[in-house]
Amino acid sequence: MSDTKKTRIPIWRDERAYAVLAQVAFVVVVIAAGVFLFGNLLSALRRQNIPIGFDFLPTRAGFDISDSFLEYTASSNYLQAFQVGLVNTLVVASVGIVLASVFGLITGLAGLTHNFIISRLARVYTEIMRNVPLLVFLVFWYRGIVFNLPKISEALSIGPILVSNRGVAIPWLLDGALSLPVVRGRIFDGGFVLSPELFAILSGLVIYTAAFIGEVIRAGVQAIPRGQFEAARALGFTGMQSIRLIVLPQALRVIIPPLTSQYLNLTKNSSLAAAVGYPDLWSISTVIINQTGRAVEMIAVVMGIYLTTSLLTSLFMNWYNNKVRLIER
Amino acid sequence: MNTSAALPPLTERISILRWLRQNLFRSVADGAVTVLGIVLLLSLVIPIVTWALTEARWQVVIENIRLFAIGQYPIEYVWRVWVCVLLLALICGVSWGLWLFRQRAVGAAILAAFLLLGLLPGALSIPATEKVAGFSLMLPSLAWLVAMSTLGALGYAIAARAPARARKLVGPAWILYLPVCFVLVAGLGPDGLLATVGSNLWGGLLLTLLITAVGIVASFPLGVLLALGRRSKLPVVKAFCIGYIELIRGVPLITILFMAQLILPLFLPDRVTFGPISFRPEIDRVIRAMAGVSLFSAAYMAENVRGGLQNIPRGQFEAADALGLTATQKMTLIVLPQALRMVVPILVGQFIGLFKDTSLVTIVSLLDLLGIGNTVLAQPKFIGTQREVYLFVAAIYWIFSYVMGAISRRLELPQSASRR
């Protein structure tokens, strides 16, 4: 008994020692590779006479941006241009998430109905979207459809919404009153006008993502055993009540994790806005890279921003997921 | 036996009227929705079909079919690409004979894909400038179809005649297939039969499939390593893997692709010297895109593989330890085979995603299927044919993704020995 206490494991036969050694070796290799690559990077930049740092941000940008929610002119600086892009991306991502959720919910429920026509329509729409790359769909949507919408003088009106190849006008609150858009000559008057590019990226992302969200919702509801419906009906719940109080709370637990990843996908996919000419964060960054040659800094900053957004969204959805989680005994 | 007993009660027998009532007109509201759905369907389908049959100028696709398939690949070396396709037919035939002969649906899907692929070489052997007559298009296509089905059948016959030998050969054949294709497409020397064809000439579906294949093959081992690293007991390794996976999964693919194009070359040393040999290292643009796609895909692969690893019961690890297997043996012989088999459908889903994601290399100005579409649209003769071109491109992506998805859903994997 006391024997085992006294004898020490020699260090060359101690697993823990090997674990530490392996990690030290790993760190050394990673640092060596990092130093080597970063050294090469610095010397390559020095050879091309590109300095490293963010000193270029306050200099004059000199390019125009077609869509902006902030004050911006060609004489603004790079930092302001970057901010315009950031706001544009946030607008597209947040509005896109809301609309995609709504249409996704409709698609998902349509796929679940017993109505043959409606469920088949939902099915076909989902199958088309899920097997086509987003970028291909976006360029088709923008260059094939949005470009060929009717002229502004013959703008289509879908309810109060006016649709033309010069943009889409929607009712909007102006000075505290609801302003309905009308066509006046060659421009829209009143309401809020989305440029064709903003309309294309927003509607394209929504149409595409809604198909995926629809599948997520359909799978979530189908995961609920039929008995739950039937039990709710047996207890005298109405159809709406049984969905709202019995099915949805349970389905949400299944739906939320994949729904989160769809939201993150939509946010990251908004970086394809460049393909439809919308000046989002990434497309403005590429313009800045082309003008200044500061690829390293710009790519690092943009990656940082997307990473932060993704992590924040995940944190929020995890918090929400914990709230709706099944609390077991 | 009383046959009427087998029939369901009168009220449950299927009739057209009852079906309509059950599925379309259960209530007034339901009927209204049905009518609305039909109106919506017709208002979408009728204009689209009319446009496709009358207005659409499909000539743009027919005349540029070779560009769509292989880009600017020199016509005198096109046979090398077709050899790749034929080799694939042979290997698929053998694999089918060995493993899948009982799964009709899978076989039919693969067959359909091949028929489509088989039509291409025939259509493409006609130079784009020549007038395309229906008959001259059909003949070479038929010849190619015959050649491909012969090779496929040959493979099947080999598998049926000598299954033991075929089983030994088919694994290495699959492993060697991609490198062989790469050599065939890229070429070896300055001239001769296998003259080098620069990657700037690769394009269309060929480039898309090459990037996809390289992406899959490169990201798979990387993803498995990252997944194992993330579950490692060594905190440093674990932190590194988590950091990599979360970083890549948090940023859009397009930023990674730009990084691969713009920054990856800067990471290389200015000159490499090995004794007398000194050269300036450079990475080809296509290779850079492949690297970007692989590094991106590896992070997602890692998460999928981790899902499989988490589902391996503890007992398997403990049993491996009890048998005295080393850590490497435990992983490669016990854990990984089970974990990977479990996640095959998810991995196929991810491969499809990767295939679709390769369209982003268009943005870094490679001429993949979509990029070729853009160049075709720049031809003055075909101005205003965006819809035709992009629909065609989308249709090709759709067919490949759908077929791959259908195969993976129907695939019944050979079970591990313990469950057989």
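Each chain carries its own residue numbering, running from 1 in the direction its sequence is written. Here chains are named by letter from A upward and ligands by number from 1 upward, in the order in which they appear as written. A pLDDT threshold of at least 70 governs which residues receive local features in this predicted model, and a stricter bar of 80 or more applies before side-chain atom pairs are shown or counted, although totals over entire chains, interfaces and linings include all residues. Derived side-chain values reflect all non-hydrogen atoms in the structure, with water molecules and hydrogen atoms excluded from consideration.

Student: Can you walk me through the overall build of chain A in this structure?
Tutor: Numbered from the N terminus, helices here are DSSP runs of H or I no shorter than four residues, and strands are runs of E no shorter than two. Helices and strands together make up the secondary structure of chain A, namely 10 helices and 8 strands. Both definitions apply: the radius of gyration is a C-alpha atom measure, and the globule rule equals 2.2 Å times residues to the power 0.38. Against the globule reference of 20 Å for 329 residues, chain A gives a C-alpha radius of gyration of 27 Å, more extended than a compact globule. Taken along the three principal axes of its C-alpha coordinates, chain A extends 95 × 75 × 40 Å. By the burial criterion, 42% of the 329 residues in chain A qualify as buried. Taking all contacts inside chain A whose residues are at least 6 apart in sequence as the whole, residues at least 24 apart take part in 60%. Throughout, the Shrake-Rupley method with a 1.4 Å probe supplies accessible areas, and for residues the shown protein chains are the sole cover considered. A total of about 18,100 Å² of accessible surface is found on chain A, and carbon and sulfur atoms cover 65% of it. The positive count covers Lys and Arg only, the negative count covers Asp and Glu only, and His and the chain ends enter neither. For charged residues, the charge sits on one atom: NZ in Lys, CZ in Arg, CG in Asp, CD in Glu. Each charge class in chain A was averaged separately, 26 positive and 17 negative side chains, and the resulting centres sit 9 Å apart. When a residue's accessible area, from a 1.4 Å probe over protein chains only, is under 20% of the maximum for its type it is buried; when over 50% it is exposed; and in between it is partly exposed. In this analysis, two residues are considered to be in contact whenever any of their non-hydrogen atoms come within 4.5 Å of each other.

Student: Would you explain the interface of chain A and chain B in this entry?
Tutor: By convention, interface size is frequently given as the accessible area that disappears when the constituent parts associate. The interface of chain A with chain B comprises 49 residues on the first partner and 55 residues on the second. Accessible area, probed at 1.4 Å, shrinks when two parts are joined; the buried area is that loss added up over both. Between chain A and chain B, a total of about 4,600 Å² is buried, with carbon and sulfur atoms accounting for 74% of that surface. When the buried surface of chain A facing chain B is broken down by residue, His114(A), Asn131(A) and Met303(A) rank first, second and third, together holding 13% of it. Whenever two N or O atoms come within 3.5 Å, that pair is a polar contact, provided that in protein one can donate a hydrogen and the other can accept it, and provided that, for residues adjacent in sequence, both atoms are side-chain atoms. At the surface where chain A touches chain B, the tally comes to 13 residue pairs in polar contact (both at pLDDT 80 or more). The element contributing the most residues to the side of chain A that touches chain B is helix H2 (residues 15-47) of chain A, with 13 residues. Of the residues assigned to the side of chain A that touches chain B, the class counts are 33 nonpolar, 11 polar and 5 charged. Residues are grouped as follows: nonpolar covers Ala, Val, Leu, Ile, Met, Phe, Trp, Tyr, Cys and Pro; charged covers Asp, Glu, Lys and Arg; every other residue, Gly included, is treated as polar.

Student: Please clarify how the pairing of strand E3 (residues 167-170) of chain A should be interpreted in this entry.
Tutor: A regular strand places its side chains on the two faces of the sheet in alternate fashion. Residues and elements named next belong to chain A. Across 3 bridges, the pairing between strand E2 (residues 161-164) and E3 is antiparallel. Residue pairing in the sheet places Leu-162 in a bridge with Ala-169 of E3. Adjacent in sequence and paired antiparallel, E2 and E3 are bridged by 2 residues. Alignment of E3 against strand E8 (residues 192-194), held across 3 bridges, turns out to be antiparallel. Residue pairing across strands places Val-168 opposite Leu-194, the latter belonging to E8. Whether two strands pair depends on DSSP finding at least two bridges between them.

Student: What is the right way to look at the domain arrangement of chain A in this model?
Tutor: Split into domains, chain A comes out as domain 1 (13-47) and domain 2 (90-279). Throughout, the edges of the domains are those of an automatic or database domain assignment. Here the C-alpha centre of domain 2 of chain A lies 47 Å away from the C-alpha centre of domain 1 of chain A.

Student: Mind showing me how you'd approach the packing of aromatic side chains here?
Tutor: Working definition: an aromatic ring pair is given by the centre-to-centre distance plus the angle between the planes. Two aromatic rings, drawn from Phe, Tyr or Trp (for Trp, its six-membered ring), form a pair once their centres lie within 6.5 Å of each other, and the interplanar angle then sorts them: stacked below 30 degrees, edge-to-face above 60, tilted otherwise. Inspection of the entire model under this criterion finds 18 aromatic pairs over all chains. Plain terms: the ring middles of Phe296(B) and Tyr300(B) are 5.0 Å apart, the flat faces sit at 45 degrees to each other, and that makes the pair tilted. Of this pair, Phe296(B) and Tyr300(B) are both found in helix H12 (residues 285-310), 4 residues apart, which corresponds to roughly one turn of the helix. Measuring from centroid to centroid gives 4.7 Å for Trp398(B) and Tyr402(B), while their planes differ by 10 degrees, and the two rings are stacked. Linking Trp398(B) with Tyr402(B), this pair stays in helix H16 (residues 386-410), spanning 4 residues, or about one helical turn. Taking relative accessible area as the criterion, Tyr402(B) reaches 33% and is therefore assigned partly exposed. One aromatic cluster in this structure is built from Phe137(A), Trp141(A), Tyr208(A) and Phe212(A). Only lysine NZ and arginine CZ atoms are considered, and such an atom sits over a ring when it is within 6 Å of the ring centre and within 35 degrees of the ring normal. Arg80(B) extends its terminal NZ or CZ atom over the ring of Tyr77(B), reaching a point 4.8 Å from the ring centre.

Student: Is there a simple way to think about the sheet that holds E8(A) in this case?
Tutor: Two strands in a sheet stick together by hydrogen bonds in their backbones, pointing the same way (parallel) or opposite ways (antiparallel). Residues and elements named next belong to chain A. With antiparallel pairing, 4 strands are arranged side by side in an open sheet as E1-E2-E3-E8. Lying at the two open borders of the sheet, with one neighbouring strand each, are strand E1 (156-158) and E8. Between one strand axis and the next, the sheet turns by 20 degrees as a mean value, whatever way the strands run. As judged from the 3 bridges shared by E1 and E2, these two strands associate in the antiparallel manner. Pairing of Leu-156 across the sheet is with Val-163, part of E2. What counts as an axis is a line fitted to C-alpha atoms, over the stretch in contact for a helix, and the angles between N-to-C directions run from 0 to 180 degrees. Helix H6 (residues 196-222) rests against E3 and E8 of the sheet, and its axis sits at about 75 degrees to E8.

Student: Would you mind showing me how to read a nonpolar patch on the surface here?
Tutor: A contiguous nonpolar surface patch, about 630 Å² in accessible area, is contributed by Leu40(B), Leu41(B), Leu44(B), Val45(B), Ile48(B), Val49(B) and Leu53(B). Positionally, Ile48(B) belongs in helix H2 (residues 28-55). Think of a patch as exposed residues, more than 30% relative accessible area, with no salt bridge, where like charges cluster within 9 Å and nonpolar side chains (Val, Leu, Ile, Met, Phe, Trp, Tyr) cluster within 5 Å. Counted as salt bridges are all cases of a side-chain nitrogen of Lys or Arg within 4 Å of a carboxyl oxygen of Asp or Glu.

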